[in-house]
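Per-entry structural report
Next come the chains, spelled out residue by residue.
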Amino acid sequence: MPALIRVANVYDVPPGSSTLVEADGQFLALFNVGGTFYAIDDACPHQGASLSEGEIRGCVVICPWHGWEFDVTNGKLLTQPGILNAVTYPVVVEGDAVLVEV
Ligand code: FES
């Protein structure tokens, strides 16, 4: 049964930034794209780099290790489409709280 877990305060993650959060034992990369929040598995599906440390360009995060690019809104790998996508998690904002469904 999925649970909504508070992972951050909206003010902790300004637009255009990301942060590493933990929800129920899972490490997630939380992104703020123009005021909308998205969460994906922090571990890059290629070799496990931390995607929360990747460079962000709009809704795209660039993996810090080998440069694969993921659309954070849907987890899709853009660099080599279709081979490995990032797992995404629904995000809900309630007041100042950012919650992730895991
Ligand atoms: S670990 Fe992310 S592209 Fe290789």
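Residues numbered from 1 in each chain as written. Predicted model: local features only at pLDDT ≥ 70, side-chain atom pairs only at ≥ 80, totals over all residues.

**A word on the nonpolar core**
By size, the foremost hydrophobic cluster in this structure holds 23 residues, and its most contacted members are Leu28, Leu30, Ile40 and Leu51. Only strand S1 (4-9), strand S2 (17-23), strand S3 (26-33), strand S4 (36-41) and strand S10 (97-101) provide two or more residues apiece to this core. With residues near it in sequence (within four places) discarded, Ile40 still touches Leu28, Ala29, Leu51, Phe70, Val72, Gly75, Ala86, Val87 and Thr88. (Core = buried A, V, L, I, M, F, W, Y, C linked by C-beta atoms within 7 Å. Buried ≥ 20, exposed ≤ 12 C-beta atoms within 10 Å, placed from the backbone. Helix = DSSP H or I, 4+ residues; strand = E, 2+ residues; numbered from the N terminus. Contact = placed C-beta atoms within 7 Å.)

**Quick word on the sheet that holds strand S9 (residues 91-94)**
Judged by pairing direction, the sheet is antiparallel, and its 3 strands sit side by side in the order S1-S10-S9 without closing on themselves. Taken across any chain shown, the strands that pair with only one partner, and hence form the sheet edges, are S1 and S9. Going across the sheet, the axis of each strand differs from the next one's by a mean of 35°, ignoring polarity. Sheet topology note: the S1/S10 ladder contains 5 bridges and is antiparallel. Bridge pairing in S10 places Asn9 opposite Ala97. (Pairing = 2+ DSSP bridges. Axes fitted to C-alpha atoms, helices over the stretch in contact; angles between N-to-C directions.)

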